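Coordinate inspection notes
For reference, the chains in residue letters:
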Amino acid sequence: MITANISDVLGKSYDFVIVGGGTAGLVLAARLSENPSFTVAVLEAGDNTTNDPMTLVPAPYSRQLGNPKYDWGFVTAKQKHLNGREIPWSRGKGLGGSSCINFLGWTLPPAVDVDVFERLGNHGWNWNEFHRYSRKIERFHPPSKEVSDLFPHSYGHDRGSSGPLQTTVPPHAHTIDAMLRETFLNMGITALRDPYQGEVNGIWIPSSTIDPKTWTRSTSMTAYLVPVQDRPNLTVLTKALVCRILFAQKRNIGDLVATGVEFIHQNTKYIISADREVILSAGTIKNPQILELSGIGNSNILSGIGVETKIELPGVGENLQDHIFVPVSYELDPSAKHETFDSLRKPEVAQAAEEL
């Protein structure tokens, strides 16, 4: 059984309590529970979607957005330069988190961006270390000659081959892909031979987080949780919304020590204790919210919501930078034969995709 009941965790303490069973949380759960002497509990606010076609079948990759079962449905503040519009800000909800609702692209950032972390004082946060771990994560499946002949994919050869996350080259290339590539080349834009070595500016189509053996989505849930779900030292509780982190004062030092968390399950509050660590991996938006509700943040903000300040840390929840996805819609020449995702609107085609 992949998830526990509330009765399984009541009155118990764990070495590690992980807040959030999403992209990062399940990786941590799998790695920490490799040590049989550690007990690990994962609290996930969303559902168990282990066998849900909406998270496994690649075809409906955008239909989860806005659906409260799979998406937190956040929105931005009203944007001054967008006529006061609130922009949807989707984040995955449920086991696997955003790895279950993203657009399946497997990309790595520019090396110069990662190296900045180390220059800011974070030793070991550099491109070489990042690249080493990105290779450890993935099990890349090169495309067949048939797929390569359809489109000159750039996927590189220095890829991971034994990791749990399945990646491969998309099996389909559309006529519009080739047309756009030719147009960009004519404009002088470079076609990258290997976009997985720290240089991403140019023409290329990313690999996909898809298992080519089953043509299903590969996520942190399928890659990290499902293979270890029967470990006796790993407990996963879904529909458990964490409210705040609980602290104790460390004697003679004055430091606060996280001792557990308070969470809501089925409209009732519970407490779970952590003997070693509470690990906060609830995502970019929920992490700072939980910290602030726990008394860690800007005291001016906390006093306004009636929360006692335990640690004055004004940077919590500030200085976020994110990229925006800007879709472009256009009409294709109806006299030319184009294969597009519009075909999935036909029930018989969509059904055939799920059966695959």
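You'll find the structure just up there.
Described below are features of the structure shown in this document. (Residues numbered from 1 in each chain as written. Predicted model: local features only at pLDDT ≥ 70, side-chain atom pairs only at ≥ 80, totals over all residues. Heavy atoms only, no water.)

1. Remarks on the overall build of the chain
Within the chain, the secondary structure is distributed over 11 helices and 16 strands. Its C-alpha radius of gyration of 23 Å places the chain within 12% of the 21 Å reference for a compact globule of 356 residues. Summarising its shape, the C-alpha atoms of the chain cover approximately 75 × 45 × 40 Å along the three principal directions. When the 356 residues of the chain are sorted by exposure, 38% land in the buried category. Considering only residue pairs separated by 6 or more positions, the chain has 61% of its internal contacts joining residues 24 or more positions apart. Accessible surface, the chain: about 21,000 Å² in total, of which carbon and sulfur atoms supply 53%. The averaged location of the 38 negative side-chain charges in the chain is 3 Å from the averaged location of its 32 positive side-chain charges. (Helix = DSSP H or I, 4+ residues; strand = E, 2+ residues; numbered from the N terminus. Rg over C-alpha atoms; globule rule 2.2 N^0.38 Å. Buried < 20%, exposed > 50% of the residue type's maximum accessible area, 1.4 Å probe, protein only. Contact = heavy atoms within 4.5 Å. Areas by Shrake-Rupley, 256 points an atom, 1.4 Å probe, with all protein chains shown as cover. Lys, Arg positive; Asp, Glu negative; His and termini not counted. Charge placed at Lys NZ, Arg CZ, Asp CG, Glu CD.)

2. Quick word on the packing of aromatic side chains
Applying the stated criterion across every chain yields a total of seven aromatic pairs. Arranged with centres 5.8 Å apart and planes meeting at 35°, the rings of W127 and F130 form a pair that is tilted. Of this pair, W127 and F130 both sit in helix 5 (residues 127-137), three residues apart, which is roughly one turn of that helix. Judged by its relative accessible area of 32%, F130 is partly exposed. With 5.9 Å between their ring centres and 75° between their planes, Y196 and W204 make a pair best called edge-to-face. In this structure, R159 is placed above the aromatic ring of Y196, and the distance from its NZ or CZ to the ring centre is 3.9 Å. Above the face of the W72 ring, K286 is positioned so that its terminal group lies 4.6 Å from the ring centre. (Phe/Tyr/Trp six-rings, centres within 6.5 Å; stacked < 30°, edge-to-face > 60°. Lys NZ or Arg CZ within 6 Å of the ring centre and 35° of its normal.)

3. Quick notes on the environment of G84
Mapping G84 onto the fold places it in the loop between strand 3 (74-75) and strand 4 (88-89). Ignoring anything within four residues of it in the chain, the contact list for G84 reads K78 and Q79.

4. Let's talk about empty space enclosed by the protein
Rolled over the atoms, a probe sized like a water molecule indicates the empty space that remains. By the definition in use, this model includes one cavity of 30 Å³ or more. Each pocket or cavity is described by its volume, and for the largest cavity that value is around 30 Å³. W106, L108, H131, S134, R135, E138, D158, R159 and Y196 are the residues that line the largest cavity. Tallying contributions element by element places helix 5 first for the lining of the largest cavity, with three residues. Looking at the lining of the largest cavity residue by residue, the classes come out as three nonpolar, two polar and four charged. (1 Å grid on protein atoms, 1.4 Å probe; cavity = no way out; pocket = protein on both sides within 12 Å on 5 of 7 lines; lining within 4 Å. Points joined across faces, edges and corners; volume = space filled by probe spheres on them. Nonpolar A, V, L, I, M, F, W, Y, C, P; charged D, E, K, R; others polar.)

5. Quick word on the nonpolar core
One finds I18, V40, V42, L225 and L234 to be the most contacted residues of the largest nonpolar core, which totals 33 residues. Mapped onto this core, the elements with two or more residues apiece are strand 1 (13-19), helix 2 (23-32), strand 2 (40-43), helix 4 (111-119), helix 8 (220-225) and strand 11 (234-237). Ignoring sequence-local partners within four residues, the contact set of L225 consists of I2, L26, L95, S220, L234 and V236. In terms of nonpolar packing, the next biggest core, distinct from the first, is built from 17 residues, V19, L43, V242 and A274 among them. (Core = buried A, V, L, I, M, F, W, Y, C linked by side-chain atoms within 4.5 Å.)

6. Focus on the side chain of S208
Turning to its location among the elements, S208 is positioned in strand 8 (residues 207-208). When neighbours within four sequence positions are excluded, S208 is seen to be in contact with L104, W106, Q166, T167, T168 and P170.

7. Details of the sheet that holds strand 1
Taken in spatial order, the six strands of this open sheet run 11-2-1-14-13-12, and their pairing is mixed. Every interior strand has two partners, whereas the edge strands, strand 11 and strand 12 (241-249), have only one. Looking at each pair of strands side by side, their axes are set apart by 40° on average, direction ignored. The pairing of strand 12 with strand 13 (residues 256-265) spans eight bridges and is antiparallel. Residue pairing for strand 13: Q249 is matched across the bridge by L256. Helix 2 rests against strand 1, strand 2, strand 11 and strand 14 (268-280) of the sheet, and its axis sits at about 155° to strand 1. Packing against the sheet, helix 9 (residues 286-293) makes contact with strand 1, strand 12 and strand 14, and its axis sits at approximately 45° to strand 12. (Pairing = 2+ DSSP bridges. Axes fitted to C-alpha atoms, helices over the stretch in contact; angles between N-to-C directions.)

8. What to know about unusual backbone geometry
The phi dihedral of Q266 falls on the positive side, at around 55°, and the residue is not glycine. On the secondary structure map, Q266 appears in the loop between strand 13 and strand 14. With phi around 70°, N267 is a residue other than glycine that occupies positive phi space. Residue position: N267 is located in the loop between strand 13 and strand 14.

9. Focus: the environment of W125
Mapped onto the secondary structure, W125 falls in the loop between helix 4 and helix 5. Exposure remark for W125: the relative accessible area of 55% places this residue in the exposed category. The sequence separation of W125 and V114 amounts to 11 residues, and the corresponding C-alpha distance is 7.0 Å. Not counting chain neighbours up to four residues away, the residues in contact with W125 comprise V114, D115, F117 and E118.

Bear in mind that shape data such as this cannot, by itself, settle questions of function.
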